[in-house]
Protein chains: 2
Amino acid sequence: MSIGFDTRIMARAIQLAWRGRYSTHPNPRVGCVIVRDDTVVGEGWHERAGEAHAEVHALSQAGADARGATAYVTLEPCSHFGRTPPCARALIEAGVARVVVATTDPNPAVSGRGLRLLREAGIEVVEGVLAEEAAALNPGFMKRMRTGRPYVRVKMAASLDGRTAMASGESQWITGPQARQDVQRLRAMSDAILTGVGTVLSDDPSLTVRRAELGDIGEATDPARQPLRVIADRDARTPTSAKILRGGNVRLFCASDTLATTPAQDLAALGVSLSGVTWKDNGIDLGEALDVLGELGINDLLVEAGPTLAGTFINERLLDELWLYQAPVFLGSTGRPTAHLPLDSMADKVQWQVRDRRQVGADQRLILTLA
Amino acid sequence: MSIGFDTRIMARAIQLAWRGRYSTHPNPRVGCVIVRDDTVVGEGWHERAGEAHAEVHALSQAGADARGATAYVTLEPCSHFGRTPPCARALIEAGVARVVVATTDPNPAVSGRGLRLLREAGIEVVEGVLAEEAAALNPGFMKRMRTGRPYVRVKMAASLDGRTAMASGESQWITGPQARQDVQRLRAMSDAILTGVGTVLSDDPSLTVRRAELGDIGEATDPARQPLRVIADRDARTPTSAKILRGGNVRLFCASDTLATTPAQDLAALGVSLSGVTWKDNGIDLGEALDVLGELGINDLLVEAGPTLAGTFINERLLDELWLYQAPVFLGSTGRPTAHLPLDSMADKVQWQVRDRRQVGADQRLILTLA
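Parameters at a glance
- Residues numbered from 1 in each chain as written.
- Chains lettered and ligands numbered in written order.
- Predicted model: local features only at pLDDT ≥ 70, side-chain atom pairs only at ≥ 80, totals over all residues.
- Heavy atoms only, no water.
- Least-squares fit on C-alpha atoms with pLDDT ≥ 70 in both.
- Contact = heavy atoms within 4.5 Å.
- UniProt positions renumbered as here; feature names shortened; annotations may be inferred.
- Helix = DSSP H or I, 4+ residues; strand = E, 2+ residues; numbered from the N terminus.
- Buried < 20%, exposed > 50% of the residue type's maximum accessible area, 1.4 Å probe, protein only.
- Buried area = accessible area lost by both parts, 1.4 Å probe.
- Salt bridge = Lys/Arg side-chain N within 4 Å of Asp/Glu carboxyl O.
- Pairing = 2+ DSSP bridges.
- Right-handed = clockwise from strand over helix to strand, strands pointing away.
- Domains from an automatic or database assignment.
- Polar contact = N/O pair within 3.5 Å; in protein donor to acceptor, adjacent residues only side chain to side chain.
- Nonpolar A, V, L, I, M, F, W, Y, C, P; charged D, E, K, R; others polar.
- Arc of directions from axis to C-beta.
- Phe/Tyr/Trp six-rings, centres within 6.5 Å; stacked < 30°, edge-to-face > 60°.
- Lys NZ or Arg CZ within 6 Å of the ring centre and 35° of its normal.

Turning our eyes to something else, we now look at the relation of the copies chain B and chain A. Between chain B and chain A, the superposition needs a rotation of 180° and an axial shift of 0.1 Å, giving an RMSD of 0.1 Å. Accordingly, the operation relating the two chain copies is best matched by a two-fold axis. In terms of C-alpha distance to the rotation axis, chain B has Gly162(B) as its closest residue, with the C-alpha 2.0 Å off the axis. A share of 100% of interface residues in chain B that are also interface residues in chain A marks the association as one of identical surfaces.

This brings us to the UniProt feature "binding site: substrate" (unreviewed entry) in chain A. All names here are of chain A. As annotated in UniProt, the feature "binding site: substrate" (unreviewed entry) corresponds to Ser171, Arg187, Asp203, Leu207, Arg210 and Glu304 in the numbering used here. Note that Arg187 resides in helix 7 (residues 177–188). When its relative accessible area of 8% is taken as the criterion, Arg187 is described as buried. Excluding residues within four positions of it along the chain, Arg187 makes contact with Ile193, Leu207, Thr208, Val209, Arg210, Pro227, Leu302 and Glu304. Following the sequence through the fold, Leu207 ends up in the loop between helix 8 (197–203) and strand 9 (228–232).

Moving on, we come to the interface of chain B and chain A. Contacts between the two partners involve 42 residues from chain B, matched on the other side by 42 residues from chain A. Of the roughly 3,300 Å² buried between chain B and chain A, counting both surfaces, carbon and sulfur atoms make up 59%. When the buried surface of chain B facing chain A is broken down by residue, Leu160(B), Phe330(B) and Met346(B) rank first, second and third, together holding 24% of it. At the boundary of chain B with chain A, the tally comes to zero salt bridges.

Our next topic: the pairing of strand 10 (residues 250–255) of chain B. Residues and elements named next belong to chain B. Within strand 10, six of the six residues are buried, which leaves it mostly tucked inside the rest of the structure. With five bridges connecting them, strand 10 and strand 11 (residues 273–277) associate as parallel partners. Within strand 11, the position partnered with Leu252 by the bridge is Leu274. For the crossover from strand 10 across helix 9 (residues 262–269) to strand 11, the handedness is right-handed.

Residues and elements named next belong to chain A. Structurally, chain A comprises domain 1 (3–137) and domain 2 (140–370). Centre-to-centre, using C-alpha coordinates, domain 1 lies 34 Å away from domain 2. Taken residue by residue, the interface counts 15 residues in domain 1 and 18 residues in domain 2. The junction of domain 1 with domain 2 conceals about 1,400 Å² of combined surface from both sides, 62% of it contributed by carbon and sulfur atoms. Looking at the side of domain 1 facing domain 2, the largest losses of area belong to Tyr22, His25 and Pro106, adding up to 49% of the total buried there. Taken together, domain 1 and domain 2 are joined by zero salt bridges. On the surface where domain 1 and domain 2 come into contact, there are three residue pairs in polar contact (both at pLDDT 80 or more). Taken together, the residues that form the side of domain 1 that touches domain 2 break down as seven nonpolar, five polar and three charged.

Residue and element names in this part refer to chain B. Buried residues of helix 4 (residues 113–120): Gly114, Leu115 and Leu118, and no others. Along helix 4, the residues classed as buried sweep out an arc of 100° about the axis, all on the same side. Check the buried side of helix 4 and you find it contacts helix 3 (87–93), strand 4 (98–103) and strand 5 (124–126).

Here Arg144(A) shows up in helix 6 (residues 139–147). In contact with Arg144(A), not counting residues within four places along its chain, are Pro26(A), Arg149(A), Gly294(A), Gly297(A), Ile298(A) and Asn299(A).

Let us look at the pairing of strand 1 (residues 31–36) of chain A. Residue and element names in this part refer to chain A. Burial runs high along strand 1: five of the six residues are buried. For strand 1 and strand 2 (residues 39–45), the ladder comprises six bridges, and the chain directions are antiparallel. Of the residues in strand 2, the one forming a bridge with Arg36 is Thr39. From the end of strand 1 to the start of strand 2, which pair antiparallel, there are two residues, and Asp37 there has a positive phi angle of about 50°.

Enumeration over the complete set of coordinates arrives at 33 salt bridges over all chains. Between Arg153(A) and Glu321(A) there is a salt bridge, with the nearest N and O atoms lying 3.2 Å from each other. Of this pair, Arg153(A) sits in strand 6 (residues 151–159) while Glu321(A) sits in strand 15 (residues 321–327), placing them 168 residues apart in sequence. A cluster of three or more residues bridged by salt bridges with shared partners is formed by Arg29(B), Arg153(B), Asp300(B), Glu321(B) and Arg355(B).

For the coordinates displayed, the defined rule picks out two aromatic pairs over all chains. Centre to centre, the rings of Phe330(A) and Trp352(B) are 5.2 Å apart; their planes meet at 75°, and the pair counts as edge-to-face. You can see Phe330(A) sitting in strand 16 (residues 329–330) and its partner Trp352(B) sitting in strand 18 (residues 350–360), one on each of two chains. Here Arg180(A) stacks its cationic end above the ring of Trp173(A), 4.2 Å away from the centre of that ring. The ring of Trp45(B) has Arg19(B) lying over it, and the distance from NZ or CZ to the ring centre is 4.6 Å.

Moving on: unusual backbone geometry. Cis rather than trans, the peptide bond between His25(A) and Pro26(A) has omega equal to 5°. Within the secondary structure, Pro26(A) sits in the loop between helix 1 (3–17) and strand 1. Although it is not a glycine, Asp204(B) sits at a positive phi angle of roughly 45°. With respect to the secondary-structure elements, Asp204(B) resides in the loop between helix 8 (197–203) and strand 9 (228–232).

Here is the structure:
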């Protein structure tokens with residue numbers, strides 16, 4: 001069997017894993033294909049936390065054909081009893097002869113353990129086939145396992161002259177319906193959405209996934225699931241009537257000495273979770289906030305905030321991607337800036353790498369990373 | 001002979017006409033192909049004002065083969081004695097049997113006259129083949145002939161957050177070398193470059209075509225030729241030491257009562273031409289300025305100015321194209337705006353059509369027209 005064949009089958013496993021794009025969190029997206037005598041005998045992908053892993057689905061489909069077969073898995077099979085039994089053991093018990101994996105488990109505590117179990121059972125193990133493509137399935141899971149913090153995407157909608165709203169705050173709508181639908185998908189693949197209390201007070205957004213607006217992928221998502229909404233709100237100024245509180249699953253990041261205050265406790269009584277975090281002169285301690293979100297199992301964090309919070313993420317280099325939706329309009333020189341970033345000289349400029357650029361309706365979507 | 005054949009040969013004539021891209025002004029770019037018995041027997045294009053027209057070159061190449069042939073011309077052959085004899089007559093005298101033209105002469109005073117001369121001489125005339133593509137050769141000439149005003153391209157270099165300079169005015173360099181080379185080409189195909197005295201005082205630009213930076217197309221331009229540099233300068237504040245004055249070919253647009261002042265006369269003594277135009281509360285009367293430029297034979301005007309003058313062009317809808325070079329950087333919220341445009345509500349936003357978008361080095365070049 002040539003490397004070319006392994007690559008082709010792994011590509012299929014990655015394709016299957018993407019089917020869990022909107023539903024596996026906090027677990028990673030994983031795909032598995034089982035091949036015997038050059039024929040696919042089983043396929044599976046992880047659909048939802050608490051349910052069967054990709055390997056189990058594929059083995060079940062393969063049945064007795066798994067004996068002597070090759071299993072292709074996008075991520076190292078787990079070696080521990082979690083909510084399901086370890087997949088490495090399932091592969092051994094099924095009599096698989098060879099296992100090809102794309103990436104090892106990013107969790108330093110268990111990385112390599114599943115592969116060792118397989119090798120100890122006499123199974124041939126091949127690593128690193130389409131490793132980069134498979135890692136791209138789970139940037140959030142990978143980063144959280146390695147650093148304890150979620151993968152951070154900051155989303156902005158701006159005009160070609162770099163304005164995100166008029167001076168009055170009016171901003172509906174800068175971008176067109178296709179871009180707004182795209183943002184719905186971005187929300188659906190995020191575990192949490194972070195905003196600031198300023199945005200809550202001025203725009204009163206829901207920050208929910210509206211399934212009716214998702215288009216084709218609507219049915220691939222869990223209809224009941226909403227990402228955790230997180231509000232950076234030092235003094236618990238979020239009104240109890242705010243739309244963002246409806247439907248629950250909201251957490252407030254406030255100053256520690258705000259926790260016991262009446263406004264905070266009023267919000268807690270409505271079911272809002274509270275976290276006391278450190279506040280600095282220029283706002284929330286974002287590093288600490290990201291640590292807390294990591295502990296909460298958040299892989300993918302979407303930031304939909306005003307220029308101040310967005311500016312802090314950029315200034316402190318704490319974002320992984322900036323999703324900039326650019327509308328072919330000018331909002332004028334009195335409009336609100338893209339991000340609050342007071343820079344003095346050209347030497348201070350923020351340099352971006354354009355990772356992706358595409359047309360979304362009349363707008364252009366750029367995915368930028370810090371250079 | 002099918003329409004398909006005519007289109008193909010006209011495409012070749014248009015291709016030839018483009019060779020005059022940097023050199024024909026104030027004349028239009030014109031190409032000509034002569035075909036006899038399905039074989040090209042002559043080709044020509046207009047290279048430089050005062051020299052032979054495209055038809056003359058092509059007829060000279062065709063020689064006796066022009067008799068009974070078809071001539072393809074991108075623009076209606078001229079019917080008047082200018083600096084050269086009329087081309088319509090040359091075609092008739094050469095015995096051409098058929099003439100295919102893409103566009104008629106845009107000058108309402110003479111439009112159709114050349115075609116009538118040809119028809120009266122018994123020549124078959126076909127009009128409108130690739131008319132749009134041929135008109136795109138000469139937007140400036142076409143517009144000036146129809147309206148008396150040049151075609152206006154406003155050029156800007158801005159960051160993704162819509163800033164054209166730091167608060168201090170520092171702006172070198174927002175865009176990369178490829179974008180700056182592209183601007184050199186844009187200058188080379190322009191008849192005049194307009195800037196404001198504010199830019200002269202703060203940046204002291206030369207606004208010349210630097211042939212060494214043009215790359216491949218350098219030799220296609222007239223090495224001695226520089227576009228007319230025009231400064232909007234109500235009070236003649238341009239210093240006599242300004243770089244823009246070097247090499248001559250500069251015109252100052254000032255208030256009429258500035259014309260006789262010492263600063264204006266000092267500039268005139270250096271060879272600067274003066275035009276007295278009307279000034280309004282928000283700056284120069286741009287409509288009047290464009291009329292004056294049209295009278296001076298300017299087909300293609302490039303505006304390289306600061307946010308104020310650029311904003312006036314946009315606000316008064318007097319530009320034909322905005323060339324926006326966008327660098328993948330943020331310059332920060334304290335930087336200078338793209339254009340001075342005080343807008344109050346989303347209903348006032350300026351809507352652009354993206355006519356062209358392409359990568360130029362690390363930067364993106366957008367050609368925008370008002371929607």
